[in-house]
Amino acid sequence: MNVPYLDISTQTRLIRPALDQAIGDVLDSGSFVLGPHVTAFEHEFGSALGGIGAVACNSGTSALHLILKALGIGPGDEVVTVSMTFAATVAAVLYTGATPVVVDIDPDSWTMDPEQLRGAISAKTRAVIPVHLHGRIADMASICDIADAAGVPVIEDAAQAHLAHRGDQYAGSFGLAAAFSFYPGKNLGALGEGGAVVSRDAQLLKDVARLRDWGTDYKYDHQTLGFNYRMDGIQGAVLSVKLGFLSEWTHERVRKAIVYEDLRSKPGLSLPMLDTTGGHSYHVYSILVRDPERLGEELARLGISTGRHYPVPVHLQQAYRGAVQPIGDLRRTVEFARSCLSLPLYPELSDPQQEYVIKQLDHLLGAQ
């Protein structure tokens, strides 16, 4: 049996008629950059997150960069985040000239440890960026309390957390602002690059909208130095179509994550902490094993593709060494990176495919 790690082509095929119609509407309109289809998606996405303002842009990285720039963060400032994330979280801080300060993760949730955050805040701290890793919301109550006491804003990296929630509050609505990514492999993925900033702060969103479009509110009248971070009309239209399926797709991800719980009793691996809130959106389902590279190779020989998220913490990568300021040895982060292996998990994963993954894992782990 062949089990891909991700199967975007099947998802596209299942909704192809609606995608064709949406793309055709953009072609007929001639609105290829921003325009009515992007505006419509902004309203729809904000509504899906419980009624919050949204500004679409060309990537999740740009979304983070825009928030930081709108807040006036720059050289001499520090931004506290984590090293267990995709490099974009740290890169966006560096783009402003500020210094990323990275803290360790909580051993159970694999997200920012609030106590580590408490010790990292200094007089230079201008923002805190928790990452909702794999679609699990970080401990936002504690993180926001600590940041509020220090007088610094919280910016959520919600790139992996579409429709993740805690109670009736969605990821992206806990801090001052949040950045989402619509990279094709995300739970809500475009047919290319895409991102969005969400916030309840109307002035911040206005500043972000200006910055994404060359720093102007009116054509050829530039109020500030901005960027070409605009979303394409086709991506806006495509994302509107896919947004209509997102709740159903998220339900399927959660259902399949529950099936993987059968592995919890198996020796030689650790599973993610159970999500008692029911709000984990499961962008990634990672297990911890002693030798993930070898296990991944053995599964590949059996037709099962896996992933690694993320095998090298950002602060240890060549491009970021020296530019990032780690607090302590980040022991938990390093150990997690060394041990993680991501299993196939997506709405189109069939029950027989998932049963095959579990059966082969059981066999391989039992043979070790």
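Here, the structure is the one placed above.
To keep things clear, this report deals only with the structure shown in the data block. What you see is a predicted model, and the numbers here were worked out from it, not measured in a lab.

Regarding the packing of helix α4 (residues 60-70) against helix α5 (residues 88-95)
Okay, step 1: Look at α4 against α5: their axes get within 9 Å of each other, and the N-to-C directions meet at 40°. Between α4 and α5, the angle falls in the class oblique. The handedness of the crossing between α4 and α5 is right-handed. For the pair formed by α4 and α5, the contact residues are T61, L64, H65 and L68 on the first element and A88, T89, A92, V93 and Y95 on the second.
Okay, step 2: Of the residues in the contact of α4 with α5, the class split is six nonpolar, three polar and no charged.

A word on the packing of aromatic side chains
Each aromatic ring pair is summarised here by two numbers: the centre-to-centre distance and the angle between the ring planes.
Okay, step 1: The tally for this structure, following the rule as stated, stands at ten aromatic pairs.
Okay, step 2: Ring geometry for F227 versus Y229: centroids 4.9 Å apart, planes at 10°, classification stacked.
Okay, step 3: Under the relative-accessibility criterion, Y229 is labelled buried at 16%.
Okay, step 4: Joined through ring pairs, the aromatic side chains of F41, F45, F180 and F182 make up one cluster.

Section: the sheet that holds strand β5 (residues 155-157)
Two pairing modes exist for strands in a sheet, parallel and antiparallel, and in both the strands are linked by backbone hydrogen bonds.
Okay, step 1: On the basis of which strands lie adjacent, the open sheet formed by four strands has the order β1-β9-β8-β5 and mixed pairing. One side of each edge strand has no neighbouring strand; the edge strands of this open sheet are β1 (53-57) and β5. With strand direction ignored, the average angle separating the axes of adjacent strands in the sheet is 20°.
Okay, step 2: Summarising the sheet, β5 and strand β8 (residues 177-181) pair through three bridges and their orientation is parallel. Following the sheet pairing, E156 is matched in β8 by A178.
Okay, step 3: Across the face of the sheet, helix α3 (residues 36-48) comes into contact with β1, β8 and β9 (195-199) while running at roughly 135° to β1.

Calculation rules
Residues numbered from 1 in each chain as written. Predicted model: local features only at pLDDT ≥ 70, side-chain atom pairs only at ≥ 80, totals over all residues. Heavy atoms only, no water. Axes fitted to C-alpha atoms, helices over the stretch in contact; angles between N-to-C directions. Helix = DSSP H or I, 4+ residues; strand = E, 2+ residues; numbered from the N terminus. Parallel < 35°, antiparallel > 145°, perpendicular 65-115°, else oblique. Left-handed = near helix turned anticlockwise from the far one by under 90°. Contact = heavy atoms within 4.5 Å. Nonpolar A, V, L, I, M, F, W, Y, C, P; charged D, E, K, R; others polar. Phe/Tyr/Trp six-rings, centres within 6.5 Å; stacked < 30°, edge-to-face > 60°. Buried < 20%, exposed > 50% of the residue type's maximum accessible area, 1.4 Å probe, protein only. Pairing = 2+ DSSP bridges.

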